[in-house]
Amino acid sequence: MDFTANIIAEFLKGTVEGDPEAKVSDVSKIEEGRPGTLSFLANPKYEKFLYETQSSVVIVNKDFQPQQEIGATLIRVENAYEAFADLLHLYEQNKPKKNGISKLASIAETAEVGENVYMGEFTVVHEHARIGDGVLMYPQVYIGDNVKIGAGTIIHSGVSIYEGCEIGAHCVIHSGVVIGSDGFGFAPNQDNNYKKIPQVGVVIIEDHVEIGANSTIDRATMGSTIIRKGVKLDNLIQIAHNVEVGENTVMAAQSGIAGSTIVGKNCMIGGQVGVIGHLTVADGVKIAAQSGVTKSIREDKAVVQGTPSFELGHYQRCYVLFRNLPDLKNQINELERKVSELTQ
Amino acid sequence: MDFTANIIAEFLKGTVEGDPEAKVSDVSKIEEGRPGTLSFLANPKYEKFLYETQSSVVIVNKDFQPQQEIGATLIRVENAYEAFADLLHLYEQNKPKKNGISKLASIAETAEVGENVYMGEFTVVHEHARIGDGVLMYPQVYIGDNVKIGAGTIIHSGVSIYEGCEIGAHCVIHSGVVIGSDGFGFAPNQDNNYKKIPQVGVVIIEDHVEIGANSTIDRATMGSTIIRKGVKLDNLIQIAHNVEVGENTVMAAQSGIAGSTIVGKNCMIGGQVGVIGHLTVADGVKIAAQSGVTKSIREDKAVVQGTPSFELGHYQRCYVLFRNLPDLKNQINELERKVSELTQ
Amino acid sequence: MDFTANIIAEFLKGTVEGDPEAKVSDVSKIEEGRPGTLSFLANPKYEKFLYETQSSVVIVNKDFQPQQEIGATLIRVENAYEAFADLLHLYEQNKPKKNGISKLASIAETAEVGENVYMGEFTVVHEHARIGDGVLMYPQVYIGDNVKIGAGTIIHSGVSIYEGCEIGAHCVIHSGVVIGSDGFGFAPNQDNNYKKIPQVGVVIIEDHVEIGANSTIDRATMGSTIIRKGVKLDNLIQIAHNVEVGENTVMAAQSGIAGSTIVGKNCMIGGQVGVIGHLTVADGVKIAAQSGVTKSIREDKAVVQGTPSFELGHYQRCYVLFRNLPDLKNQINELERKVSELTQ
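The structure presented is a predicted model; accordingly, all values stated were derived computationally and were not measured. (Residues numbered from 1 in each chain as written. Chains lettered and ligands numbered in written order. Predicted model: local features only at pLDDT ≥ 70, side-chain atom pairs only at ≥ 80, totals over all residues. Heavy atoms only, no water.)

What follows concerns the overall build of chain A. Of regular secondary structure, chain A possesses five helices and 40 strands. Computed over C-alpha atoms, the radius of gyration of chain A comes to 27 Å, more than 25% over the 20 Å expected from 2.2 N^0.38 for 344 residues, which places it beyond the range of a compact globule. Each principal axis of the C-alpha distribution contributes one length, and for chain A these read about 90 × 70 × 30 Å. Taking all 344 residues of chain A together, 56% fall into the buried category. Pairs at least 24 apart in sequence give 16% of the contacts found in chain A among residues at least 6 apart. (Helix = DSSP H or I, 4+ residues; strand = E, 2+ residues; numbered from the N terminus. Rg over C-alpha atoms; globule rule 2.2 N^0.38 Å. Buried < 20%, exposed > 50% of the residue type's maximum accessible area, 1.4 Å probe, protein only. Contact = heavy atoms within 4.5 Å.)

Written as structure tokens, this is what we have:
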């Protein structure tokens, strides 16, 4: 499907500079531009690629001032990055979607399935589960008894959702995610072995949540593990029993939150972070990658680093000195020598 | 199903204080109590919730002395936490269990399947596998050739067990777990690429082991990777080839043990810990979260922290000084100034 | 199947010392040797086991000089480890392989499937996918639209490959791996929530790559996430969108590479390492386990450690001093006392 620069500019309410009939049928990064593709330039660090790109059309910011000649046709818009993202959304929305319920899916008679649902081969829906309108479920998904899936949610292949858990509307759950597995709850016996504490709670995932591939979210011991509206979790993340993650918090890959910790809203948690159990993390907190949080963070918008973590600027000053410990040691030894001379 | 305070007290050999006919049909945490639910109070930190809870019945320790008036009916027992756990077990045991073998499961003719087995839709059992009595296998499980599953073990949806591995009795394997994948064994060639070392060993998992969602346990190069009786592994854990994890050791989420390391019994390993290969860790060792163990730990009940890890108390003293390095640097500079004055 | 020491020696071009008719039917580690098994001795640390092993035949290096009497028959070869690995390969190649396409697999009419393919039960191949000759696909694999799998590749049970991704020839993909899930791309809105950036790129995996169980490789935002020829990834690894991992680089378990980072060839990355986004890592770089790389590494063959990481030898000197901070603090306090005396 070809689009001209003119048509794209019209859609974006932008202006064309160059050939208004230049045609594109695909998108590319500006540094990997090919003829017939559309790119964008937003970050000034990439400006140099604009002068050599093979892309036919490039979206730029309204006020961009080129320093050299440009082969590509330009489309000037208010915000090049947002405009490009809007086009990608349009492209996604117009892609043909999977639809219909495969004859090879297995749906319990007591389950309720909404309108316009896609259900792939070998997907299983157990008793009394309720699947909302417009849900897409790829092959080999497992939906346990009494699970509820909200309208418009996409569940990729190989996801397992244990009984009784609830997923909101317009969520995206990537392949291999496990929701509702037992929390890690064991009581030690006198003879050094462990007795399992039955985990009778559930997981509740609110609307507009995205969960990355192979992440795991455990059910509560009692009550609910809760992922609030708009949370975005990357791949291979662990959310333990009775955790609550606040609205619009984002967590990068391979991080984990231990049992019963409450994380605030609008937090940004880096990759490979660990937060121990039974803590509270305030709203808008940022945690640097690989940090280990061992105490509650009560101040909104705190920024922390380290294991155990503390204020990021302070951490970084300490770390600079850590790197200079050999010099510091020399400085001390030199002082010792001088003092020793003075005391003789 | 309703129970009265009286009936519960009888089962627990406890005494009722308040309305013996108070009815409950569900459980709740004391801080989230609702009418018609049963809660417990064991940790004194939660005592304040007892005076405001909406729970109808609360289990407390025999010697508990209330400081205010209480709306709920109390049941006094020897150990409130254990009594509550016993009730949860009773509740679990009485829940209807999945049963029967789905017509949509695929079982090789040479496989042996015991009595009272549940096998969900699209589960696959390959040649000569042996499934013990009372095993529950949820949908979409894969059991390779010659695998053996002990009696009463529960295998959740989407688990993969490669050929030749053995799982003991009364284990719980959560969704997405992979058992018996190839160990990471490659020999470098002269031209910088790697030749795979075939991994011809297996994995042996003894009785009463629980393995958390999406954990991975690699088969041995030769011989066996062994998870001993009573071990509890949390989610997203990596156990490499030829590792042995000793009896009743517990590991928190996202930890990993590298190849050929032998971990003792009754150890407690925190989250996101790494232990490098070819080490020995003694019995009863505790490893703090996010630590990296790079040398064998030969002393029983050692407690370590850090990367590389050393004795925990020592680590924590060092870390306090790390946090104070800016002050320490100022102290040294001040000394230098004074000594410089003295030597002029 | 029994082999005599003589036949094995002939295959390996080695010489027999002891009973040329000694028979073996299995392999074992020298420290776990059983009658009827073949072992090898390469690492001098294991020499003591040679004098007590029950293995019937042991392969040793040509120039090995025993210090005691040995019960086993020896086969002397140029390189005992390589010779043994060659035998394991022979053993693997001669094992009966799975073959044929299960009637319970589901293959779209528009998909192309090569010769001599194995496809297990409940595996799904969607529209226009192309499966090369000799591919082995275990049960419950999901292959999305337009995916291409190269000849001779092995895909274990429960793998998910999203639409449009390409896997090379002679790769091994272990169970639970997810390839082509959406990159973690979200643009913040003014009201603190996030708008998804559609991820329209793909993943390209070149030939001879091995990917460990439950690892995740995200598709590019645009263009391709690329895993070059000969790369070996261990279990539970995260590769983010638009990352490129260079030829023959190896990564140990639970490591992660954030978005758009380019890793060179022949690198060795330890377990639980994190590399942040938009960096470049030169060729032949080694990164110690649990390190966090926060700046590009431009020097070939650099060796780094720490979070943030820097040169390994320097890091280790700093860490020794970190462990001695309590002594250093005492040294400083003692100096302060002396200087204070001098200034009075």
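The next point concerns the relation of the copies chain A and chain B. The relation between the two chain copies is a rotation about an axis coupled with a shift along that axis. Once turned by 120° and shifted 0.0 Å along the axis, chain A lies on chain B with an RMSD of 0.1 Å. Taken together, the turn and the small shift mark the pair as related by a three-fold rotation axis. (Least-squares fit on C-alpha atoms with pLDDT ≥ 70 in both.)

With that out of the way, let us pick up the interface of chain B and chain C. Frequently, the measure chosen for interface size is the accessible area that the parts lose on association. With 69 residues of chain B at the contact, the number on the chain C side is 59 residues. Of all residues in chain B, the largest losses of buried area upon contact with chain C belong to Phe184(B), Tyr194(B) and Met222(B), amounting jointly to 14% of the total for that side. Where chain B meets chain C, there are four salt bridges. In this structure, Lys195(B) and Asp86(C) form a salt bridge, with 2.9 Å as the shortest nitrogen-oxygen distance. For the interface between chain B and chain C, the tally reads 34 residue pairs in polar contact (both at pLDDT 80 or more). Elements with a minimum of two residues in the side of chain B that touches chain C: strand E21 (178-181), strand E22 (186-188), strand E23 (194-196), strand E26 (216-218), helix H4 (312-323) and helix H5 (325-343) of chain B. Partitioning the side of chain B that touches chain C into residue classes produces 31 nonpolar, 28 polar and 10 charged. (Buried area = accessible area lost by both parts, 1.4 Å probe. Salt bridge = Lys/Arg side-chain N within 4 Å of Asp/Glu carboxyl O. Polar contact = N/O pair within 3.5 Å; in protein donor to acceptor, adjacent residues only side chain to side chain. Nonpolar A, V, L, I, M, F, W, Y, C, P; charged D, E, K, R; others polar.)

We now examine the packing of H4(B) against helix H5 (residues 325-343) of chain C. Axis separation between H4(B) and H5(C) bottoms out at 8 Å; the angle between their running directions is 55°. Judged by the inter-axis angle, H4(B) sits oblique to H5(C). Touching His314(B), Arg317(B), Cys318(B), Leu321(B) and Phe322(B) of H4(B) are Leu325(C), Pro326(C) and Lys329(C), all from H5(C). (Axes fitted to C-alpha atoms, helices over the stretch in contact; angles between N-to-C directions. Parallel < 35°, antiparallel > 145°, perpendicular 65-115°, else oblique.)

On to the environment of Val285(A), then. Looking at where Val285(A) falls in the secondary structure, it is placed in the loop between strand E36 (280-281) and strand E37 (286-287). Once you skip the residues sitting within four places of it in the chain, Val285(A) turns out to touch Cys267(A), Met268(A), Ile297(A), Glu299(A), Lys301(A) and Ala302(A).

Before going further, it helps to examine unusual backbone geometry. Residues and elements named next belong to chain A. The step from Thr 307 to Pro 308 runs through a cis peptide bond, and the omega angle for that step is -10°. With respect to the element layout, Pro 308 can be found in the loop between strand E39 (303-305) and strand E40 (310-311). The phi torsion at Asn 266 lies on the positive side, around 55°, for a residue other than glycine. Secondary-structure assignment places Asn 266 in the loop between strand E33 (262-263) and strand E34 (268-269). Taking relative accessible area as the criterion, Asn 266 reaches 22% and is therefore assigned partly exposed.

Turning to the interface of chain A and chain B, a few remarks are in order. The interface of chain A with chain B comprises 69 residues on the first partner and 59 residues on the second. Interface area for chain A against chain B, summed over the two sides, is near 5,000 Å², with a carbon-plus-sulfur share of 63%. When the area that chain A buries against chain B is broken down by residue, the three leading residues are Phe184(A), Tyr194(A) and Met222(A), summing to 14%. Taken together, the links from chain A to chain B amount to four salt bridges. Run the count over chain A and chain B and you get 34 residue pairs in polar contact (both at pLDDT 80 or more). Mapped by element, the contributors of at least two residues to the side of chain A that touches chain B are strand E21 (178-181), strand E22 (186-188), strand E23 (194-196), strand E26 (216-218), helix H4 (312-323) and helix H5 (325-343) of chain A. For the side of chain A that touches chain B, the element with the most residues is H5(A), which contributes eight residues. In terms of residue class, the side of chain A that touches chain B is built from 31 nonpolar, 28 polar and 10 charged.

A few words on the pairing of strand E27 (residues 224-227) of chain A. Residue and element names in this part refer to chain A. Pairing of strand E24 (residues 202-205) with E27 involves four bridges; the strand directions are parallel. Within E27, the position partnered with Val 203 by the bridge is Thr 225. Two elements, E27 and strand E30 (residues 244-245), share two bridges in a ladder whose sense is parallel. From the neighbouring strand, Ile 227 faces E30, where its bridge partner is Val 245. (Pairing = 2+ DSSP bridges.)

Here chain A is partitioned into domain 1 (3-93) and domain 2 (100-315). Each of domain 1 of chain A and domain 2 of chain A was reduced to a C-alpha centroid, and the two centroids are 38 Å apart. (Domains from an automatic or database assignment.)

Another aspect to go through is the packing of aromatic side chains. Between two aromatic rings, the relevant description is the distance of the centres plus the angle of the planes. Tallied over the full model, the rule gives 42 aromatic pairs over all chains. The interplanar angle of 70° and the centroid separation of 6.2 Å between the aromatic rings of Phe310(A) and Tyr319(B) together place this pair among those described as edge-to-face. Of the two residues, Phe310(A) is situated in strand E40 and Tyr319(B) in helix H4; the pairing between them involves two chains. Between Arg323(B) and the ring centre of Phe310(A), over which it is positioned, the NZ or CZ distance is 4.3 Å. (Phe/Tyr/Trp six-rings, centres within 6.5 Å; stacked < 30°, edge-to-face > 60°. Lys NZ or Arg CZ within 6 Å of the ring centre and 35° of its normal.)

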